[in-house]
Amino acid sequence: MSKLSSHSIKTAVLLLAVAWLVHSWAIAYLGPAGGIAVIALYVAGPVSWLIYRTRSLRSRIRRGWPDLSYALGLWQQAPLPRFDAPYEYVWPRIARISRHPDGLDVWIGLLPGQVPDHLAQHAQGIAHTWRVERVEVGSPRRGIVVLRAWTTDPLASPFTTTRLPRPTPPSPGKRLRKWLARFTRWAAHRSFRLRKLANKARQTAASAWSASALGLPGAGRGAAALAPGLGTARRTPGGGGTAAKPMGPAEQWASVEIGTREDGSPWRLRLHGTHVLVAGVTGSGKGSVLWGVVRKLLPAVAAGLVQLWALDPKRMELSFGAGLFAKYACDPERMVELLEEAVDRMQERAKSFAGRVRSHTPTPDSPFVVVLADELAFLTAYQPDRDLRRRAESAIATLTSQGRSVGFCLVGALQDPRKEVINLRNLFPDRVALRMDEAAQVDMVLGSGARDRGAYADLISPDPRTGAGVGYVRNEGNPQPIRVRAAYVPDAEIEALVAQYCPNHSVYTVSSPLDSTPEGGARP
């Protein structure tokens with residue numbers, strides 16, 4: 001009999017002896033009911049363990065990882081310690097498995113010569129094997145790959161307003177600080193006299209310091225005036241102290257919150273200092289992105305810090321709130337003229353800023369100009385007039401290559417991201433890929449390798465309720481795509497925005513949209 005089997009028999013005999021002793025003790029001290037309860041526990045334990053082994057995702061991942069590694073071709077032959085040693089194979093080991101609000105994070109240690117792309121190209125196969133919604137592949141540090149498995153889709157339900165982030169469980173450090181705070185409050189309540197003496201001593205020390213510093217600059221101001229952080233606050237007009245600067249529209253132009261990310265945090269779309277390209281097929285939710293930008297920028301527009309210009313070749317999307325825009329155009333020639341006008345103003349501003357200003361800050365004299373272009377391909381590829389097409393491409397290229405440093409941003413939406421449709425897509429630093437028809441189009445929008453890193457825009461559901469507004473974002477400087485969903489802006493809310501910010505303009509005024517001014521009148 002082998003040593004392993006002998007050890008197993010001894011362990012089994014010991015466990016049976018302990019179980020019999022516990023059962024006998026339960027009968028002796030608790031009666032027959034205690035013995036039955038112990039037997040029920042003996043049966044429930046193995047049954048629970050078996051259910052966990054068969055149904056738990058964590059257990060299934062660990063149990064099936066060697067076979068899955070072999071199927072994905074991740075096995076490697078281990079070095080032979082001697083020439084007559086048998087061949088052995090190794091596979092990437094699971095370092096640990098941690099939870100996130102909607103699934104699991106599986107940390108994998110790579111073997112020598114392996115890179116994250118070896119697992120990224122099999123993300124779909126891993127998701128089907130684990131029977132989860134999606135698997136994203138990331139690499140937080142060298143030699144480690146994190147397979148983020150999503151068991152549910154947190155963006156499956158539509159919403160009209162941005163949602164608050166989901167609460168996350170406190171970390172051990174936060175729990176310890178909370179416990180220390182409770183202990184401090186408890187001690188303070190029971191040492192009132194000592195705390196009173198300490199406060200009196202502190203006040204005495206502060207008075208002594210003020211009295212001894214009479215010869216120093218700023219003497220006699222008291223301890224409150226020496227508190228850190230107040231030196232940068234805005235002074236009141238009377239000069240008698242300082243006041244914190246209130247939050248206002250000035251903080252709402254750099255980026256706008258238009259939806260939510262997959263982890264529950266708000267999705268803020270950066271506008272100032274960049275240009276944004278939004279691509280997606282019909283019904284994918286491009287209007288939600290455009291109207292989300294308009295909705296969040298309107299307070300800054302009312303303050304005179306932002307101007308919204310709109311190009312609407314379809315005459316069906318942005319015309320519903322034409323009165324909200326400083327400039328609106330739907331005629332092909334007028335749209336090209338509007339782009340050229342933006343280029344002229346950009347160059348005039350750059351000339352006035354030269355040698356004086358390095359970064360643009362919106363003011364009523366030089367507002368932040370956001371140009372919203374729906375169906376941008378209408379001007380760059382589908383325009384039959386060759387001269388208009390050439391002028392439009394030239395204006396777009398100039399605006400996107402020089403405009404962001406002087407306060408001009410172009411937000412363009414299109415359906416087909418192919419090179420022959422728009423050959424200027426590389427001039428848009430930030431890009432949003434909504435639902436696509438083909439897998440190759442994902443990399444056209446988000447950059448090479450984006451789909452292998454988890455941006456499955458071609459697999460977004462065509463059902464408007466579950467897929468409209470869902471997409472992936474790639475920000476400048478961060479190649480990792482982020483899954484987001486834009487909030488839907490209903491027609492009733494657009495009507496309310498027009499009534500609030502442009503009361504003299506009706507949403508039905510532009511029945512056959514013409515170029516309009518903020519006052520709602522037609523341009524000559």
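Structure shown above.
For clarity, every value in this text was computed on a predicted model and none was experimentally measured.

### Quick look at the pairing of strand β11 (residues 276-279)
Along a regular strand, successive side chains alternate from one face of the sheet to the other. Alternating positions in β11 separate into two faces, V276 and V278 on one and L277 and A279 on the other, with burial throughout. Here 4 bridges tie β11 to strand β16 (residues 430-433), and the two strands are oriented parallel to one another. By the bridge assignment for β16, L277 is matched with R431.

### Notes on the packing of aromatic side chains
Tallying each qualifying case throughout the model produces 4 aromatic pairs. Centre to centre, the rings of W75 and W91 are 4.6 Å apart; their planes meet at 40°, and the pair counts as tilted. Note that W75 is positioned in the loop between α3 (57-72) and β1 (76-77) and W91 in the loop between β2 (89-90) and β3 (93-100), a separation of 16 residues in sequence. You can call W75 partly exposed: its relative accessible area is 27%. A relative accessible area of 16% places W91 in the buried class. Three or more aromatic residues joined by ring pairs make a cluster, and in this case those are Y70, W75 and W91. A cation sits over an aromatic face here: R96 above W107, 4.1 Å from the ring centre. The cationic tip of K327 hangs over the ring face of W309; the distance from NZ or CZ to the ring centre is 5.5 Å.

### Overview of the nonpolar core
Judged by nonpolar contacts, the single largest core of 68 residues is most densely connected at W65, W130, L147 and L311. At 8 residues, the largest contribution of residues to this core is made by helix α9 (residues 332-353). When neighbours within four sequence positions are excluded, L311 is seen to be in contact with L318, A329, M335, L338, L339, V371, L372, A373, D374 and L379.

### Overview of the packing of α9 against helix α11 (residues 386-402)
Two elements in contact, α9 and α11, have axes separated by 9 Å at closest approach and are oriented at 30°. Of the possible angle classes, the one that applies to α9 and α11 is roughly parallel. Crossing of α9 against α11: the hand is left-handed. Along its contact with α9, which presents P332, E333, V336, E337, L339, E340, A342, V343, M346 and Q347, the element α11 presents L388, R391, A392, A395, I396, T398, L399 and Q402. Residue composition of the contact of α9 with α11, grouped by class: 11 nonpolar, 3 polar and 4 charged.

How each quantity is defined
- Within each chain, residues carry numbers counting from 1 in the order of the written sequence.
- In view of the model being predicted, local features appear only for residues whose pLDDT reaches at least 70, and side-chain atom pairs are presented and counted only at 80 or more, with totals across whole chains, interfaces and linings using the full set of residues.
- Only hydrogens and water are removed before side-chain values are computed, so all heavy atoms of the structure are retained for them.
- Summary of the burial criterion: residues with accessible area below 20% of their type's maximum are buried, those above 50% are exposed, and those between are partly exposed, where the area comes from a 1.4 Å probe applied to protein chains only.
- Secondary structure follows DSSP: runs of H or I at least 4 residues long count as helices, runs of E at least 2 residues long count as strands, and numbering of each begins at the N terminus.
- Pairing between two strands is assigned when DSSP locates at least 2 bridges connecting them.
- Pairs were defined over the aromatic rings of Phe, Tyr and Trp, the Trp ring being its six-membered one, requiring ring centres within 6.5 Å. Orientation was assigned from the angle between planes: stacked under 30 degrees, edge-to-face over 60, tilted for the rest.
- Over a ring means this: the NZ of a Lys or the CZ of an Arg is within 6 Å of the ring centre and within 35 degrees of the ring normal.
- Nonpolar cores were defined as sets of buried Ala, Val, Leu, Ile, Met, Phe, Trp, Tyr and Cys residues, with membership established by side-chain atoms within 4.5 Å.
- The criterion used for residue contact is that any of the two residues' heavy atoms lie within 4.5 Å.
- A fitted line through C-alpha atoms serves as each axis, taken over the contacting stretch for helices, and the angle formed by two N-to-C directions is quoted from 0 to 180°.
- Roughly parallel refers to an angle under 35 degrees, roughly antiparallel to one over 145, roughly perpendicular to one between 65 and 115, and oblique to any angle outside these ranges.
- Each crossing is labelled by how the near helix is turned from the far one, with a counterclockwise turn of less than a right angle marking it left-handed and a clockwise turn marking it right-handed.
- Each residue gets one label: Ala, Val, Leu, Ile, Met, Phe, Trp, Tyr, Cys and Pro are nonpolar, Asp, Glu, Lys and Arg are charged, and the others, such as Gly, are polar.

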